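Fold and geometry: a report
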Amino acid sequence: MVGSLLDGAAIEEREENMISPTGGLSTRRKAYFLKPTVNSNEGPSLKLPSLTPKPKWPLQVAFNGWRDPLKKWKTWVENMHSKYSSVWKDAGIYEAVIGSFCKIHKDDDFMFGFAERWVSDTNTFIFPWGEATITLEDMLILGGFSVLGDDPVLLPLETDELVKIERFLENSRKRFAKTKTDSHSHWLNVFMDSGSKFEHEAFLSLWLSRFVFPGNHLDRIGDHVFCIAIYLARGRRLALGPAVLASIYRDLGLLREAMAASTKLSEDGSYLYLTLWSPLQFVQVWAWERLPPMQPEPNFIGSGMVRIARWSGPKKSEIGNVRPGIDSAGVSFLWRPYAICVDDWSFPMFYDKEEKLIKCEDLSIELESFARCLRACQLVGIDCQEPYNPHRVAMQFGFDQDFPGWISRENTSPGIAWCNYSKSFSDDEMLYLPSRLSESDVTTRYLEWWRKTVLCPVNPIKGVVKGRRSSRKRLKCPRSWRKTVLSNGKYKRKLSPECLQKLITLKTVNDPEVPLGFQPIFNQARVDQSSMSILQPCGVIRNKETNSSRDGKVLPNPDSQCLLSENVGSRTMKQSVINLDEDGIQNEAVTTCMEMQRMANLEKDKVKSTMILEQSQESNPEKLSYDDFANFNLEAVSALEARILRLGSELIGLKN
């Protein structure tokens, strides 16, 4: 089946009704898609993946493929560079070798946050705002690995001369193993500046074992890299990019499975242990490139420098809990970060200002590499084989997005998979290069399917309910409400612990025209109470006088109080009741509110138990269900609704 899908050009041109991923007005225009596309969704049902949040995952992960450079490694690279830089360029590994002395700080929580959204069936991340993944383009730009090659990485040696070199390297490894000195540092100390006839092969063997294809033995040279090192030392181009990407896909799937399994462990101190062997630092750098709010301060990179050097050094994002940042990143996500000017970094030639149509018979190595990144295929690795689906993330390449055709995992032999991957382009085939300044869209049917099928339904207890609030009905006041006599002789209704917890639970009602993960765009300063969000109020609600009308048509007094706070132990948590209707609060006010919500979420788990304890020892928030929201006495909290009107002006004041 895979072979038939790859027949012909990888790009399809046709007229479609296109719309921005954020919604808005659709336009009919000529669009370019990556094959295979279909008229309706096919394959297994695609849902937004999510795991039960945990303060600390009962999972210990050893990222053995995420290695820092050795102390003398940069010196050895510089010594070899003066002799073999031209050979590295011919073999397509020049940037990969130079980038190997960049140190990327590992952030386990950051990796867990992204692995939670990984789907192994498609080898993509499923976010509320779209589908994305690390691709061959990232291997080419960030890793510096060639995606082209005369042969796969599993190619055996062809001549007796090459076999003798392999035997020399193998005997050296065995000799070090007998003396228990077969470490990476000992290998470097023995061969660096040794004058050995095979110093270059030994250098590449260490580079491959530590930074590209780490074996199953930490800090040891693997015999699985000797053949590859020997070919590369002779300037023979091998397709390292797809092999590295296949191992990354495999390990992301293993990490996601381990996280899911850890959520089922009993709370008795038990945990799972997982060892991963692929260079997963490229996943973290991939995320940093695309999410500016979550990235650390990047380095300056000049002309001729490798892209990954932006993130070298002791850098760590201070975002904390990454889940809220990931889920709300629809606006800030950069689909094509490499097409944006960054310092003095030199653009590859396939990022041009103008769109182009080029015959494949005229392709340079760079253009052919980009064309190879666009074709769906099976990636052949050292010890694994994974499907590659660029048509599911077409916007990452500057193309438009339609329903992606389903390509299932198949048990094809590595030889057949490599033939499909390396299939040459016909001379009359055309390659479309989108402008680096263009913005991609999605078809209207794709956007409708994404909102209805992928996003909904979502568990409201986990914080998301999509749809309009049910119409109001006058209900009988529940017995759980109590009255408290104030000093002025008036009554104040005090929420019972059960009702209070219903308000504490995050309930977000998005406008149907605004996809989850994107900020609503507000054009008018009006409030409509038919759509409402209640975001983490805490403490007892105090009644205040309001000068707004009950129909929600009048703006609140800008000087009125709208943020209430209640001390809980040594902490104070702000009470915010926010209306997010499209005719409501201005955009900058919403931005301020979302930041407040993110900060509140960080303290939510710590404050929640104390807050409930103050209200009642009998409260049990874990047994809430969706029916609790449907039957809740909305009329009884009419005073609360009035405060919705006041929030808008107060947030604008905070913003200013």
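Residues numbered from 1 in each chain as written. Predicted model: local features only at pLDDT ≥ 70, side-chain atom pairs only at ≥ 80, totals over all residues. Heavy atoms only, no water.

As annotated in an unreviewed UniProt entry, the protein is Aminotransferase-like plant mobile domain-containing protein from Buddleja alternifolia.

Let's talk about the overall build of the protein
Regarding its fold elements, the protein presents 19 helices and 19 strands. By residue count, 55% of the 656 residues in the protein fall in the buried class. The contacts of the protein with a sequence gap of at least 6 include a subset with a gap of at least 24, amounting to 79%. By element, 49% of the accessible surface of the protein is carried by carbon and sulfur atoms, the whole surface being about 30,000 Å². (Helix = DSSP H or I, 4+ residues; strand = E, 2+ residues; numbered from the N terminus. Buried < 20%, exposed > 50% of the residue type's maximum accessible area, 1.4 Å probe, protein only. Contact = heavy atoms within 4.5 Å. Areas by Shrake-Rupley, 256 points an atom, 1.4 Å probe, with all protein chains shown as cover.)

Notes on the pattern of salt bridges
Scanning all chains against the criterion turns up 28 salt bridges. The residue Lys174 makes a salt bridge to Glu170 at a minimum N-O spacing of 4.0 Å. You can see Lys174 and its partner Glu170 sitting in helix α6 (residues 160-178), 4 residues apart, about one turn around the helix. For the salt bridge of Arg250 with Asp383, the shortest nitrogen-to-oxygen distance reads 2.8 Å. (Salt bridge = Lys/Arg side-chain N within 4 Å of Asp/Glu carboxyl O.)

Quick word on the packing of α6 against helix α9 (residues 226-233)
The geometry of α6 relative to α9 is characterised by a closest axis approach of 10 Å and an angle of 130 degrees between their N-to-C directions. One way to sum up the angle between α6 and α9 is to call them oblique. Crossing angle aside, the handedness with which α6 passes α9 is right-handed. Judged by residue contacts, Leu162, Ile165, Glu166, Leu169, Glu170 and Arg173 of α6 engage Phe226, Cys227, Ile230 and Tyr231 from α9. In the contact of α6 with α9, the residues fall into 7 nonpolar, no polar and 3 charged. (Axes fitted to C-alpha atoms, helices over the stretch in contact; angles between N-to-C directions. Parallel < 35°, antiparallel > 145°, perpendicular 65-115°, else oblique. Left-handed = near helix turned anticlockwise from the far one by under 90°. Nonpolar A, V, L, I, M, F, W, Y, C, P; charged D, E, K, R; others polar.)

Some details on helix α4 (residues 108-115)
Burial analysis of α4 places 6 of its 8 residues in the buried class, which makes it a mostly covered element. Residues Phe110, Met111, Phe112, Gly113, Phe114 and Ala115 constitute the buried set of α4. One side-chain oxygen at the N-terminal end of α4 lies 3.3 Å from the backbone nitrogen of Asp109; it belongs to Asp107. (Polar contact = N/O pair within 3.5 Å; in protein donor to acceptor, adjacent residues only side chain to side chain.)

Remarks on a negative patch on the surface
Negative charge collects at one region of the surface, where Glu361, Asp362, Asp427 and Asp428 lie side by side. Among the secondary structure elements, Glu361 is positioned in the loop between β8 (356-359) and α13 (365-373). (Patch = residues over 30% accessible without salt bridge, like charges linked within 9 Å, V, L, I, M, F, W, Y side chains within 5 Å. Lys, Arg positive; Asp, Glu negative; His and termini not counted. Charge placed at Lys NZ, Arg CZ, Asp CG, Glu CD.)

What to know about the environment of Asp383
On the secondary structure map, Asp383 appears in the loop between β9 (377-380) and β10 (385-388). Exposure remark for Asp383: the relative accessible area of 55% places this residue in the exposed category. Between the C-alpha atom of Asp383 and that of Ala246, which follows or precedes it by 137 residues, the distance is 9.1 Å. There is a polar contact of 2.8 Å between the side chain of Asp383 and the side chain of Arg250.

Regarding the sheet that holds strand β5 (residues 124-127)
Here 3 strands make up an open sheet; going across it, the order is β4-β5-β6 and the pairing antiparallel. Edge positions in the sheet fall to β4 (118-119) and β6 (130-132), since each has one partner strand and no second. In this structure, β5 lies alongside β6, joined through 3 bridges in antiparallel fashion. Looking at β6, one finds that Phe125 is bridged to Ala132. (Pairing = 2+ DSSP bridges.)

Re the side chain of Thr135
The residue Thr135 is located in the loop between β6 and α5 (136-143) in this model. At 3.2 Å, the side chain of Thr135 and the backbone nitrogen of Glu137 are in polar contact. The residues contacting Thr135, other than those within four sequence positions of it, are Leu245, Tyr249, Tyr388, Val393, Gln396 and Phe397.

Concerning helix α10 (residues 240-262)
In this model, α10 (23 residues) spans 33 Å end to end at C-alpha, consistent with the 33 Å of a helix rising 1.5 Å per residue. Counted residue by residue, α10 has 19 buried out of 23 residues, so it is predominantly covered. (Expected span 1.5 Å × (residues − 1).)

Thoughts on the sheet that holds strand β1 (residues 11-19)
Hydrogen bonds between backbone groups are what pair the strands of a sheet, and the pairing can be parallel or antiparallel. The 3 strands are arranged β2-β1-β12 in an open sheet whose pairing can be described as antiparallel. Looking at which strands have only one partner, the edges of the open sheet turn out to be β2 (27-34) and β12 (442-443). Note: β1 against β2, 8 bridges, orientation antiparallel. Looking at β2, one finds that Asn17 is bridged to Arg28.

Brief notes about the nonpolar core
Counting residues in each nonpolar core, the largest one holds 148 residues, and the members touching the most others are Trp73, Trp207, Phe213, Leu232 and Leu240. For Trp207, the residues in contact, after removing those within four places along its chain, are Trp73, Ile93, Ala96, Val97, Ser100, Phe145, Val212, Leu232 and Leu240. (Core = buried A, V, L, I, M, F, W, Y, C linked by side-chain atoms within 4.5 Å.)

A look at the packing of aromatic side chains
Centre distance and the angle of the planes are the two values used to describe a pair of aromatic rings. A full pass over the atoms with the stated rule returns 39 aromatic pairs. A ring pair is formed by Phe127 and Trp129, whose centres lie 4.5 Å apart and whose planes are at 15 degrees; its orientation type is stacked. For the pair formed by Phe127 and Trp129, the shared burial category is buried. Ring geometry for Phe350 versus Tyr351: centroids 4.8 Å apart, planes at 70 degrees, classification edge-to-face. Across the pair, Tyr351 and Phe350 agree in class, each one buried. Looking at Arg14, its charged tip hangs above the ring of Phe33, at a distance of 4.2 Å from the centre. A cation over a ring is seen here: Arg307 above Trp345, with NZ or CZ 4.5 Å from the ring centre. (Phe/Tyr/Trp six-rings, centres within 6.5 Å; stacked < 30°, edge-to-face > 60°. Lys NZ or Arg CZ within 6 Å of the ring centre and 35° of its normal.)

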